[in-house]
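Structure at a glance
Listed below are the residues making up each chain.
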Amino acid sequence: MVVTTWRADAAPTFFLDTKATRNTPAYLPLSGENSGLKVSYHNNDEVSRYHFGTRHPMKPFRLMLTDHLVLGYGLHEKMDFYKTRPATEEEILQFHSEDYIDFLQRVTPENKNEFENVWSKFNIGDDCPIFDGIYDYCSIYAGGSLDASRKLIAGQSDIAINWSGGLHHAKKFEASGFCYVNDIVLGILNLLRYHPRVLYIDIDLHHGDGVQEAFYSTDRVMTLSFHKYNGEFFPGTGNFEEIGTGLGTHHSLNVPLRDGIDDFSYIQLFQSIVEPVINTYRPTAIVLQCGADSLGCDRLGCFNLNIRAHGECVRFVKSFGLPMMVVGGGGYTPRNVSRAWAYETSVLLNVDLDPRLPPEIPFLNYFGPDFSLHPNLAGKVDNRNTRKYLEGVRARVLEQLRYLNGAPSVQMQVAPPDIEGFLDEEEDRLQEERESRNDVRQERETKDRARTGEIYV
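Our next topic: the packing of helix α2 (residues 61-72) against helix α10 (residues 334-349). At a closest axis distance of 8 Å, the pairing of α2 and α10 adopts a crossing angle of 40 degrees. As judged from the angle between their axes, α2 and α10 are oblique. With respect to the hand of their crossing, α2 and α10 are arranged in right-handed fashion. Judged by residue contacts, F61, R62, L63, L65, T66, L69 and V70 of α2 engage P334, R335, V337, S338, R339, W341, A342 and T345 from α10. Taken together, the residues of the contact of α2 with α10 sort by class into nine nonpolar, three polar and three charged.

Okay, here's the thing in structure tokens:
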């Protein structure tokens, strides 16, 4: 009996015309867990048109590049696409103070000198400059996270993506670290109207201090941040000792890392911490911040992560099957940021992308010379995270879980608890703690200057 087998070098039996080739998605569906989840993509292309300034590292056009890749790969066919409306003033005031938001609404590059007396109050400066349309920009990206949270609450989505969000440094009363309005806090506050417990996970290079501070005194939100920490690197917070206060004690978890961590070490540490945290805290929803400045070769970065490793963290969190809001964050090499977020969109959709970028996307030359979805970003920085150090980090973080008496219970009501009112009760205590830390820092600086003087006497 003769069996004829298909050969790779055989002549094709049919050909695709140019139009068919152009409209063929550049992905393959994968089978596996959670493959039937409803995924939604929340964006407003207006957000990419704002400009912080020529020399400023934050480039909103990275969002336009991300959208081009998502559309170029045909991923829009696998999920619900929503053009989001800007957040209203009332929605933004659910977290931020009235005087701060009034300032953002009124200030412009033309009249900014009229507000010079409040610049320091609202932390306006080189990191957080005044640019044209600043309030509109904030309301657009915040609207994306609010819309994503609403779709999760309504059950219309199992996973909701807003790559324009994730601005985790903004505080209630001030801007910080390129962030003006904290869309993550607004989204979580919305989720708390329905979900008794929300877990916030942050894989940005920088500590998610704004989100941690907002929920520092409640057990209804647990914050878990993986970031570089040495006491000086911005924002200077995120060490082990920051564990929460009041009811929120032991509900703030920080994973301080050193320069140069690689793919294997990061994934292993991430999985070994996230799984016991989820099993202990038992969240009913997860918010994942995917700041891409933790990738290797980032303009402001110092890690060695490749895009696949960054995406593996997303895949692992998704595997728990909980309602999930996914947002962007930092990332200052736009071509790598957009590749990472397009790839992570495919991870959430459970499809495998062609490693070659779609040839017909706009700005293709921007991704040269390799034109690949997965350029090598590793090995540029020496890895200072020894195995002993990482084992110690893991042990110290998980030690906090021993203090939790299971998952906190919440009496659900028709009208949700006024968590903002509850947080306001702790504001004075948090302010005292911040002032105390500043006093200690100033005292150290004074002593350091004194020692320097002694050397040169």
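Having seen the model, we can carry on.
Turning our attention to the nonpolar core. The biggest cluster of nonpolar side chains holds 127 residues, and the ones touching the most others in it are Y180, I188 and I201. Looking at this core element by element, the count peaks at ten residues for helix α5 (residues 134-154). Filtering out sequence-adjacent residues up to four positions away, I188 remains in contact with V198, Y200, V211, F215, V221 and V287.

The next point concerns the packing of aromatic side chains. All told, the structure shown has 20 aromatic pairs when counted by the stated rule. Where F52 meets F131, the ring centres are 4.6 Å apart and the plane angle is 35 degrees; that geometry is what we call tilted. Highlighted residues: F52 in the loop between β2 (39-43) and α2 and F131 in the loop between α4 (98-106) and α5, separated in sequence by 79 residues. In this pair, the class of F52 matches that of F131, namely buried. Seen from their ring centres, F61 and Y366 are 6.0 Å apart, and the 80 degrees between their planes marks the pair as edge-to-face. Residue F61 is found in helix α2, and its partner Y366 is found in the loop between β10 (351-353) and α11 (387-399); the two are separated by 305 residues along the sequence. What makes Y366 partly exposed here is its relative accessible area of 33%. Residue placement shows R258 over the ring face of Y389; its charged tip is 3.7 Å from the ring centre.

Bringing the environment of L300 into the picture now. By the secondary structure assignment, L300 is in the loop between β8 (285-289) and α9 (307-318). Measuring from C-alpha to C-alpha, the distance between L300 and G330 comes to 9.4 Å, with 30 residues separating the pair along the chain. If sequence neighbours within four positions are ignored, L300 has contacts with P57, F178, L205, F233 and Y332.

A separate point is the packing of helix α8 (residues 263-281) against α11. Contact pair α8 / α11: the axes reach a minimum separation of 10 Å and the direction vectors enclose 15 degrees. In terms of orientation, α8 and α11 fall into the roughly parallel class. Here the hand of the crossing between α8 and α11 comes out right-handed. Where α8 approaches α11, its residues S265, L269, S272, I273 and P276 are matched on the opposing element by L390, R394, V397 and L398. Of the residues assigned to the contact of α8 with α11, the class counts are six nonpolar, two polar and one charged.

Along the chain, N385 falls in the loop between β10 and α11. A distance of 3.1 Å separates a polar side-chain atom of N385 from the backbone oxygen of D259. With residues near it in sequence (within four places) discarded, N385 still touches L257, R258, D259, G260, I261 and L390.

This part is about the pattern of salt bridges. Counted under the stated rule, the structure contains 15 salt bridges. The partner of E46 in a salt bridge is R49, and the shortest N-O contact between them spans 3.1 Å. Taking relative accessible area as the criterion, R49 reaches 58% and is therefore assigned exposed. For the salt bridge of R402 with E399, the shortest nitrogen-to-oxygen distance reads 3.1 Å. Overall, the relative accessible area of 32% leaves E399 in the partly exposed class. By sharing partners, the salt bridges in this structure join R85, E91, D147, R150 and K151 into a single network.

Turning to the sheet that holds strand β6 (residues 221-228), a few remarks are in order. Strand order in the open sheet formed by eight strands is β3-β2-β4-β9-β8-β5-β6-β7, with parallel pairing between adjacent strands. With partners counted over all chains shown, the strands left at the sheet margins are β3 (80-83) and β7 (252-257), one partner each. Within this sheet the neighbouring strands show an average axis-to-axis angle of 15 degrees, counted without direction. Strand direction decides the pairing type here: strand β4 (residues 159-162) and strand β9 (residues 324-327), joined by four bridges, are parallel.

Attention shifts here to unusual backbone geometry. In this structure, P235 follows F234 across a cis peptide bond, with omega equal to 5 degrees. Within the secondary structure layout, P235 lies in the loop between β6 and β7. Phi angles above zero are rare outside glycine, and N123 is one such case at about 60 degrees. Relative to the assigned elements, N123 resides in the loop between α4 and α5. Backbone geometry at R282 places phi at a positive 50 degrees, although glycine is not the residue there. Mapping R282 onto the fold places it in the loop between α8 and β8.

Rules of the game
Residues numbered from 1 in each chain as written. Predicted model: local features only at pLDDT ≥ 70, side-chain atom pairs only at ≥ 80, totals over all residues. Heavy atoms only, no water. Axes fitted to C-alpha atoms, helices over the stretch in contact; angles between N-to-C directions. Helix = DSSP H or I, 4+ residues; strand = E, 2+ residues; numbered from the N terminus. Parallel < 35°, antiparallel > 145°, perpendicular 65-115°, else oblique. Left-handed = near helix turned anticlockwise from the far one by under 90°. Contact = heavy atoms within 4.5 Å. Nonpolar A, V, L, I, M, F, W, Y, C, P; charged D, E, K, R; others polar. Core = buried A, V, L, I, M, F, W, Y, C linked by side-chain atoms within 4.5 Å. Buried < 20%, exposed > 50% of the residue type's maximum accessible area, 1.4 Å probe, protein only. Phe/Tyr/Trp six-rings, centres within 6.5 Å; stacked < 30°, edge-to-face > 60°. Lys NZ or Arg CZ within 6 Å of the ring centre and 35° of its normal. Polar contact = N/O pair within 3.5 Å; in protein donor to acceptor, adjacent residues only side chain to side chain. Salt bridge = Lys/Arg side-chain N within 4 Å of Asp/Glu carboxyl O. Pairing = 2+ DSSP bridges.

Keep in mind that these numbers describe shape and distance, not what the molecule does.
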